[in-house]
Amino acid sequence: MSFRILAINPGSTSTKLSLFKDLSEIRSVNISHDAQELMRFSSVAEQEEFRLSLIRKNFPAEGSGDHEGKLDAVIGRGGLLRPLEGGVYNVSPPMLNDLRSAVYGEHASNLGAILAQRLAEEQRTNGGRCAALIADPVVVDELDPEARISGCPEIERKSIFHALNQKSVGRSAAGEMGKSYQDLNLIIAHMGGGISVGAHCRGRIIGVNNALDGDGPFSPERSGGLPAGQLIKLALSGRFNEEELKKMITGKGGMYAYTGTKDFAELFNRIESGDSRAELVYRAMTLQIAQEISRHGATLKGDIDGIVLTGGMAKSTELVEDLKKRISFLAPVFVYPGEREMAAMAENALDVLSGRQDMKEYV
C-alpha cells in the first residue's frame, strides 16, 4: 500500500509545497510572497487565509473525486512550541492555540501546523482520511540536565536548532552504516545561514548550540558566541539600540559583517581573486565549526560512531575537505549536502502512516 503525503514549509517570504507518493516526490512548488505585502499583517498567524488562498491557487487539491488522488497526510514544518522531545506530532487544538497566540515566539514556521490542519480538514470533508502532522520542530529539547547550565543562574541554555534535518540525516547515516539511528552516537553539523552542531546519543540530542540566537560558531549571517564582557560594553556604549544589536548577532553578523556577503560561493570567488580578508574569514569560520564539532567529542565521552555534515554549506567540497582535515581523527565523516526538510517531513509522515513510528500528542 502506498501513501500520498503533502509537505508544507512556510518561510518568511515563501511557502514551499511538495507532494509525495511514499518517498517519491511527485510535484513541488515554491510560492514567493512579496515582503511589502506581508507587512500589512500584524502577526504571522494573520497570514493564514492569505497563504491558504495562494496554496489553493498554485497547488490545487488533486483528485477530489478520485480515491487515488486523496491525501493520506498533510505535514507542516513545526514552529515555536513549548520544548518537546523529537518525533511526529498530531496537530491538536492546544498546539494550534500556542502557535496562533505565538506564546513561545513569532516565526513563519508557526504557520506549518495551522496550514496542515486546514488542508487536512478539507480532505476529510470530501470523504478522505487525512492526518495533520508536524515532525521534529526547532524546539526539540532532549538536553541532558548539565547541558542546560550556562554559568549564570539567570540564563539557562536552550535547545533551538535544525532538529528536522539533523534527525533525518542521522537516520540516513545510520542506514549507510547498516545500523539503527537509536544505536549510534553521532555528531551532526547543520551548516547554513545559521549553524547548529548536535551530539546525538542513541537517538537523543543531548547537547546542541542555540543556533537561533547566534550561539556556537559564526555563520554566513550570525555572529556566533561572543566574548561576554566586550558584548556588554558594546551594548552599553550608546552606539546601538536593541534592534541594531540583535541584527548584529543574527542577520547581519558573522561572514556578512566582515565581508558584506552572505553568499558562500561569492566568498570563494573573492578568495580565488586574491582577497586576503575573505580568506581569513573563511579560515576562521572553518576553525570555529571544527572546534564546535570537536567539543562534542567530550559530550559523547569519546564514543563517536560518525560525524555528519549537512546544510547548504556542505555543498562546498573545499569546506568539507578542510573540515575533514580537522575532525576526521574523531570518527568517519559522512556528508549529506543541502537542506532536506521536505523529504524529511515526508519520511516522518510515512513512518507514522505505515506504523513504523508512533504519533505523539502535544499537551
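Here, the structure is the one placed above.
Attention in this report is confined to the structure presented alongside it.

Secondary structure assignment for the protein yields 12 helices and 14 strands. Whereas a compact globule of 363 residues would reach a radius of gyration of roughly 21 Å, the protein reaches 21 Å, a difference of no more than 12%. C-alpha atoms of the protein, sized along the principal axes, occupy 60 × 50 × 50 Å. Counting across all 363 residues of the protein, residues that qualify as buried make up 51%. For the protein, the proportion of contacts with a sequence separation of at least 24, taken over those separated by at least 6, is 66%. Summed over its atoms, the accessible surface of the protein is roughly 17100 Å², and 50% of this surface lies on carbon and sulfur atoms.

A few words on the layout of surface pockets. The space that makes up the second largest pocket amounts to roughly 420 Å³. The wall of the second largest pocket is formed by 18 residues, among which S223, L226, P227, M248 and Y258 lie closest to the centre. Looking at the lining of the second largest pocket, the elements with two or more residues in it are helix 6 (228–235), helix 7 (242–249), helix 8 (254–259) and helix 10 (276–299). Taken together, the residues of the lining of the second largest pocket sort by class into 10 nonpolar, 6 polar and 2 charged.

Cut-off values and rules
Residues numbered from 1 in each chain as written. Predicted model: local features only at pLDDT ≥ 70, side-chain atom pairs only at ≥ 80, totals over all residues. Heavy atoms only, no water. Helix = DSSP H or I, 4+ residues; strand = E, 2+ residues; numbered from the N terminus. Rg over C-alpha atoms; globule rule 2.2 N^0.38 Å. Buried < 20%, exposed > 50% of the residue type's maximum accessible area, 1.4 Å probe, protein only. Contact = heavy atoms within 4.5 Å. Areas by Shrake-Rupley, 256 points an atom, 1.4 Å probe, with all protein chains shown as cover. 1 Å grid on protein atoms, 1.4 Å probe; cavity = no way out; pocket = protein on both sides within 12 Å on 5 of 7 lines; lining within 4 Å. Points joined across faces, edges and corners; volume = space filled by probe spheres on them. Nonpolar A, V, L, I, M, F, W, Y, C, P; charged D, E, K, R; others polar.

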